Amino acid sequence: MKQFRILCFIALGAISAILLSSCGTTATRALPAYERPIAKSNFQTVRTTAYTHTESDHLQFTNHNALGGVLQAAGPPIHRAENTRRPIEIESDYRVAAYTPAPQPFLMNDEGIRAKPVVPKATAVTTTTTARTVKIVRGKRVVVKTKPQPPNIGSAAADWSRWPVGTTFRLPSTGQIYRVDDYGWALAGRNTIDLYMATQAEMNAWGARQEPIQILRWGDSQESLRLLLPHKDYRHIRRMVLELQGNEDAAAQLQ
């Protein structure tokens, strides 16, 4: 059993090394046009795109992120919002997707629209809030305390010199939470965050949007540098390393 565990750790380390060194690499094409970093703030508005593991340029990495872990999809939107979806100019590296219609607003007062449900005897109806569950059994209300479930944190890819690995943020427009655990060739030197989606349909529905984000926790720049340095021979990784080392001009000149 001990030998099996050692072999598993070795295999995981090998996978991580491959993914760290080759996420989105190519030997021939030039790096994307460099953008100066946006101001570091706990509230930012950034360009967001979406990706999934079934895309042709991600098939070789299967459903794993740059750290060797499994890509995670964020939980469903916590609330719907009036979110104007504005198509933005993107380079040919990104997908141009048709946007789904904007969600409908909540009805603040739906009295008269929906009939009050009739609960027959011997029938239990359960509604869940964040702190308790209310059960109606035989016409009586029974309150049961519940433990709130933590949200599912989704995977996101970004330039680790701008959003270091481990950076966790929330999308106010959907309430979903993401953590940076991946990167890509087309993201190096760009103010873009790529959100992982479980399916092609979800990816296409998201498209490309300018989104406000709230940083919940910044990742560790030194840890990002430590992970990237052994693979700096790859140009997109070298660009991130240069920026992490404070050499923005050299990062901008790298093609």
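Let me sum up the structure you'll find in this document. (Residues numbered from 1 in each chain as written. Predicted model: local features only at pLDDT ≥ 70, side-chain atom pairs only at ≥ 80, totals over all residues. Heavy atoms only, no water.)

**Looking at the nonpolar core**
Then, number 1: Membership of the largest hydrophobic core comes to 29 residues, with the highest contact counts inside it found for Trp-160, Phe-169, Ile-193 and Leu-195.
Then, number 2: Listing elements by their share of this core, those giving two or more residues are strand 1 (43-51), strand 7 (177-182), strand 8 (192-196), helix 2 (200-206), strand 9 (209-217), helix 3 (221-228) and helix 4 (235-244).
Then, number 3: In terms of residues, this core owes the most to one element, helix 4, which gives four residues.
Then, number 4: Counting eight residues, the second-largest nonpolar core is a separate cluster that includes Trp-185, Leu-242, Ala-251 and Ala-252. (Core = buried A, V, L, I, M, F, W, Y, C linked by side-chain atoms within 4.5 Å. Buried < 20%, exposed > 50% of the residue type's maximum accessible area, 1.4 Å probe, protein only. Helix = DSSP H or I, 4+ residues; strand = E, 2+ residues; numbered from the N terminus.)

**Digging into the sheet that holds strand 8**
Then, number 1: Pairing in this closed barrel of six strands is mixed, and the strands run 1-8-5-7-6-9 around the ring. The mean angle between the axes of side-by-side strands here comes to 50°, regardless of whether they run parallel or antiparallel.
Then, number 2: When strand 1 meets strand 8, the two strands line up parallel, connected through five bridges. The residue bridging Thr-48 from the neighbouring strand is Ile-193, located in strand 8. (Pairing = 2+ DSSP bridges. Axes fitted to C-alpha atoms, helices over the stretch in contact; angles between N-to-C directions.)

**A look at the packing of helix 3 against helix 4**
The description of two packed helices rests on the angle between their axes and on the distance between the axes.
Then, number 1: The geometry of helix 3 relative to helix 4 is characterised by a closest axis approach of 10 Å and an angle of 145° between their N-to-C directions. The element helix 3 and its partner helix 4 pack so that their crossing is left-handed. Across the interface between the two elements, Ser-221, Ser-224, Leu-225 and Leu-228 from helix 3 touch Ile-237, Met-240, Val-241 and Leu-244 from helix 4.
Then, number 2: Taken together, the residues that form the contact of helix 3 with helix 4 break down as six nonpolar, two polar and no charged. (Left-handed = near helix turned anticlockwise from the far one by under 90°. Contact = heavy atoms within 4.5 Å. Nonpolar A, V, L, I, M, F, W, Y, C, P; charged D, E, K, R; others polar.)

**Brief notes about the environment of Glu-55**
Then, number 1: Relative to the elements of secondary structure, Glu-55 occurs in the loop between strand 1 and strand 2 (124-128).
Then, number 2: Residues Glu-55 and Thr-199, spaced 144 residues apart in sequence, show a C-alpha to C-alpha distance of 9.9 Å.

**As for the pattern of salt bridges**
Think of it this way: side chains of opposite charge can pair up when their charged atoms draw near.
Then, number 1: A full pass over the atoms with the stated rule returns seven salt bridges.
Then, number 2: Bridged by salt links that share partners, the residues Glu-35, Arg-47 and Arg-190 form one connected network. (Salt bridge = Lys/Arg side-chain N within 4 Å of Asp/Glu carboxyl O.)

**Some words on the side chain of Asp-159**
Then, number 1: Looking at the secondary structure, you find Asp-159 in the loop between strand 5 (153-157) and strand 6 (168-170).
Then, number 2: The exposure class assigned to Asp-159 is buried, which follows from its relative accessible area of 0%.
Then, number 3: A polar side-chain atom of Asp-159 sits 2.6 Å from the main-chain amide nitrogen of Gly-189.
Then, number 4: The contact partners of Asp-159, leaving out residues within four places of it in the chain, are Leu-187, Ala-188, Gly-189, Arg-190 and Met-240. (Polar contact = N/O pair within 3.5 Å; in protein donor to acceptor, adjacent residues only side chain to side chain.)

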